[in-house]
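Inside the fold
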Amino acid sequence: GAALAALVLAQAGLAIAQVRRENPFEALSLFDESIRLGAPERTIALDRALAFDLLGNFERAQRDYTLAASYASNDELTLRRAISLSLAGRRDEADAALIPMLQKENPEAWRARALMLAARGDHKEAGKIAMGFLPESEARRMDGFFRNMPRLTAAQQAAAMHFGHFPVGSNIGEDSN
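Here is a short report on the structure shown in this document. (Residues numbered from 1 in each chain as written. Predicted model: local features only at pLDDT ≥ 70, side-chain atom pairs only at ≥ 80, totals over all residues. Heavy atoms only, no water.)

**Comments concerning the packing of aromatic side chains**
Taken as a whole and judged by the stated rule, the model has one aromatic pair. When the ring of F145 is compared with that of F166, the centres are 4.4 Å apart and the planes differ by 35°; the resulting orientation is tilted. With F145 in helix α9 (residues 136-148) and F166 in the segment after α10 (154-163), the pair connects residues that are 21 residues apart, well separated along the chain. (Phe/Tyr/Trp six-rings, centres within 6.5 Å; stacked < 30°, edge-to-face > 60°. Helix = DSSP H or I, 4+ residues; strand = E, 2+ residues; numbered from the N terminus.)

Structure (structure tokens):
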């Protein structure tokens with residue numbers, strides 16, 4: 001009863017914390033355990049999708065984003081899903097997903113758009129977008145990150161886009177275990 005429900009919530013909470021700590025392997029194990037204990041998949045789908053993104057498994061992430069969208073839709077889901085679609089090479093779908101948020105001048109959507117373009121190799125357009133939502137000095141500092149985005153692994157691009165964490169130096173283009 002109540003004790004099991006509390007355990008399920010705690011397990012899901014630990015999984016979500018591991019995603020936020022960018023530890024997708026541990027997170028997925030904890031998500032599996034929370035489902036085994038009775039958590040409805042739709043309630044953990046949004047965060048589990050992010051764990052799959054961090055592993056570069058965008059096809060699997062999309063299944064969870066679709067499941068999450070069947071439960072509830074919000075800006076966070078829209079952004080994560082658009083980033084995942086872009087990383088999966090589904091550019092047109094990714095761009096279309098962001099349009100409503102871009103039209104509302106949502107700064108997180110513009111940030112995602114800039115990073116998506118940079119990952120595709122269009123660092124000049126990414127820089128123009130950054131100039132529109134960041135102070136000029138910060139936008140200029142982003143140029144190096146934008147230029148390096150295409151060199152990152154899929155998992156590194158996911159971490160950069162979702163969390164703003166960019167690898168440095170010799171770690172660029174090399175996934176850690």
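Moving on from the model shown.
**Regarding the pattern of salt bridges**
Using the criterion set out here, one finds 14 salt bridges in the structure. Close ionic contact of R60 with D64 constitutes a salt bridge, the shortest N to O distance being 3.2 Å. Note that R60 and D64 are positioned in helix α4 (residues 58-71) at a spacing of four residues, about one turn of the helix. Owing to a relative accessible area of 18%, R60 belongs among the buried residues under this scheme. One continuous salt-bridge network, built from bridges that share partners, spans R20, D47, E76 and R80. (Salt bridge = Lys/Arg side-chain N within 4 Å of Asp/Glu carboxyl O. Buried < 20%, exposed > 50% of the residue type's maximum accessible area, 1.4 Å probe, protein only.)

**Topic: unusual backbone geometry**
We note that E22 has phi near 60°; this positive angle belongs to a residue other than glycine. Accessibility expressed as a relative area gives 27% for E22, which makes it partly exposed. If you check the backbone angles, E105 has positive phi at about 60° while not being a glycine. The exposure class of E105 is exposed, given its relative accessible area of 55%.

**Describing the nonpolar core**
Ranked by size, the top nonpolar core spans 50 residues in total, and within it L98, F146, M149 and M161 carry the most contacts. Ignoring anything within four residues of it in the chain, the contact list for L98 reads L79, A82, A109, A112, R113 and M116. (Core = buried A, V, L, I, M, F, W, Y, C linked by side-chain atoms within 4.5 Å. Contact = heavy atoms within 4.5 Å.)

**Comments concerning the packing of α4 against helix α5 (residues 75-87)**
Taken N-terminus to C-terminus, the directions of α4 and α5 make an angle of 155°; their axes are 10 Å apart at the nearest point. Here α5 runs roughly antiparallel to α4, going by the angle between their axes. By crossing handedness, the relation of α4 to α5 is classed as left-handed. Contacts from F58, A61, Q62, Y65, A68 and A69 in α4 reach L77, R80, R81, S84, L85 and L87 in α5. Its residues assigned to classes, the contact of α4 with α5 shows eight nonpolar, two polar and two charged. (Axes fitted to C-alpha atoms, helices over the stretch in contact; angles between N-to-C directions. Parallel < 35°, antiparallel > 145°, perpendicular 65-115°, else oblique. Left-handed = near helix turned anticlockwise from the far one by under 90°. Nonpolar A, V, L, I, M, F, W, Y, C, P; charged D, E, K, R; others polar.)

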